[in-house]
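Per-entry structural report
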Amino acid sequence: MTRFLLAVTIFVLLLAGCSGGGSDGEAEMPQIETQPTETAETDRTTTGAGETTEAPEEPGDGGPLRLEEVASGLTAPVHAAAAPGESERLYVVEQVGRIVVLEDGEVRGEPFLDIQADVRSGGEQGLLSVAFHPDYEANGLFYVNYTNQAGDTRVQEFERRSRRSVARRTLLAVDQPYPNHNGGQLAFGPDGLLYVGMGDGGAGGDPENRAQDPTSRLGKLLRLDVDDRGADWEMVGYGLRNPWRFSFDRLTGDLWIGDVGQDAIEEIDFVPARRVGQVLNFGWDVFEGTQQFEDKEPTPGGPLVEPISQYTHEFGCSVTGGFVYRGSDVSREARGRYFYGDYCSGRVWSVARWEGEVSRRGTGFRVPSLTSFAEDLDGELYLVSAGGSIYRLARGV
Ligand SMILES: [Ca+2]
Ligand SMILES: [Ca+2]
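Computed from a prediction, not measured in an experiment: that's the story for all the values here.

With that settled, consider the sheet that holds strand β7 (residues 141-147). Across the sheet, four strands lie side by side as β6-β7-β8-β9; this open sheet has antiparallel pairing. Strands with a single pairing partner mark the edges of an open sheet, and in this sheet they are β6 (127-132) and β9 (164-174). Direction aside, the axes of adjacent strands within the sheet are offset by 25° on average. Where β6 lies against β7, five bridges are found, and the strand directions are antiparallel.

Residue Asp-285 is reached from Trp-284 by a cis peptide bond, and omega for that bond is 5°. Position of Asp-285 among the secondary structure elements: in the loop between β17 (280-281) and β18 (287-288). Here the phi dihedral of Asn-209 falls at roughly 55°; this positive angle occurs in a residue that is not glycine. Among the structural elements, Asn-209 can be located in the loop between β11 (194-197) and β12 (220-224). In the Ramachandran plot, Glu-355 falls in the positive-phi region, its phi being about 50° despite a non-glycine side chain. Inspection of the secondary structure puts Glu-355 in the loop between β23 (347-354) and β24 (357-366). For Glu-355, a count of 8 C-beta atoms within 10 Å corresponds to the exposed category.

By size, the foremost hydrophobic cluster in this structure holds 97 residues, and its most contacted members are Ala-80, Tyr-91, Val-92, Val-130, Ala-131, Phe-339 and Tyr-382. Of the residues forming this core, the biggest block, five residues, is contributed by β6. If sequence neighbours within four positions are ignored, Ala-131 has contacts with Ala-81, Phe-142, Tyr-143, Leu-186, Ala-187, Phe-188 and Leu-194.

Turning our eyes to something else, we now look at the pairing of β24. Burial analysis of β24 places seven of its ten residues in the buried class, the great majority of the element. Bridge count for β23 against β24 is seven bridges, and the pairing is antiparallel. When the sheet's bridge partners are listed, Trp-349 is paired in β24 with Gly-362. In this antiparallel pair of consecutive strands, β23 and β24, the connection spans two residues, and Glu-355 shows a positive phi of 50°.

A separate point is the sheet that holds strand β22 (residues 338-342). Each strand in a sheet pairs with its neighbour through backbone hydrogen bonds, running either in the same direction (parallel) or in the opposite one (antiparallel). Spatially, the four strands line up as an open sheet ordered β21-β22-β23-β24, and their pairing is antiparallel. Each of the sheet's edge strands pairs with one partner strand only, and the pair in question is β21 (319-324) and β24. Averaged over all neighbouring strand pairs, the angle between strand axes comes to 25°, with direction disregarded.

What follows deals with the pairing of strand β14 (residues 245-248). Neither face of β14 is open: one carries Arg-245 and Ser-247, the other Phe-246 and Phe-248, and all of them are buried. Pairing analysis gives four bridges linking β14 to strand β15 (residues 255-259), with the strands arranged antiparallel. Looking at β15, one finds that Phe-248 is bridged to Leu-255. Remark: six residues form the turn of the hairpin made by β14 and β15, two consecutive strands paired antiparallel; Gly-253 in that turn has positive phi of roughly 85°.

Reading the values: the criteria
- Residues numbered from 1 in each chain as written.
- Chains lettered and ligands numbered in written order.
- Predicted model: local features only at pLDDT ≥ 70, side-chain atom pairs only at ≥ 80, totals over all residues.
- Pairing = 2+ DSSP bridges.
- Helix = DSSP H or I, 4+ residues; strand = E, 2+ residues; numbered from the N terminus.
- Axes fitted to C-alpha atoms, helices over the stretch in contact; angles between N-to-C directions.
- Buried ≥ 20, exposed ≤ 12 C-beta atoms within 10 Å, placed from the backbone.
- Core = buried A, V, L, I, M, F, W, Y, C linked by C-beta atoms within 7 Å.
- Contact = placed C-beta atoms within 7 Å.

The following block contains the structure:
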């Protein structure tokens, strides 16, 4: 499935605030029910090795929501992130190989990073994400994931020095056999480790069966201690097809992954915080969603994780994972809900799990060419359209 070549302009942006509970939202709910999974447990108070924390607030139904355009005119933005200590800024990743700084809806100054000369951009290739070191304020370190001129994945460390971004070292180099399914997401976990999502290498149907092959770095979730010079990448997930976007819940540390499907099913995977770091098998290419895809057995090595939520291509064609809303500007009802959408249809949904139940809702709005969600330092959410605009999730009326 080619993410970016699919219809970019045919969708009309609907800024319709969903009044909640109405037929509009419900009518576009994904239809496939997931089965209970090993990860769909009700224990919301244990976040690690017996460590007990305050229970998260029960999520509401999302409440009335709308989208507010906060920036436009960007060049094919595919990702955005906030840097520690900089509450007024969003760093916007442009696929061509640039990162620009957004303040008050305007691009400020020179690009923060410009590596266009090193980047092959187009389709699913390009500069795909940025992640800031948790101690960025002190050390100026940040990380990018991009497709190099040879079409291969590079994760590189940069250091911000006064007004320049200086390349320091390449942390990951993975050959890509096909131009699609490059994964692309980088994010620091609550454990301080850098996580990267790797796609299965591309084509269709994972022809060389790399996602279930533990010796390949394709189709994996990997993590690295960037502060340990001797450390290597550790595989903590396999059986992923194209985990284009994933995130950690800033309150609970739970991991949420949007794994792009083949021709039938898009899925959201959920890993509770206490299981993050265990080797888990997300199923591809034995399963697409919960449906058998190839007639074979999963590779042993980790327990099989079924999606917490999935939808068919009746509702879209390429899932864009988002974030659990932990801000305060929207409504209390949105807190604790995981917002995600679809690149092709632009539809946006939210899902919440509470006491063993999974509830899903449509929001009623669509964002054309939805490439990413972003979270600022206050936990407010943004939606990024490759068409050049960024929207903020806002309280509806
Ligand atoms: Ca295969
Ligand atoms: Ca899966």
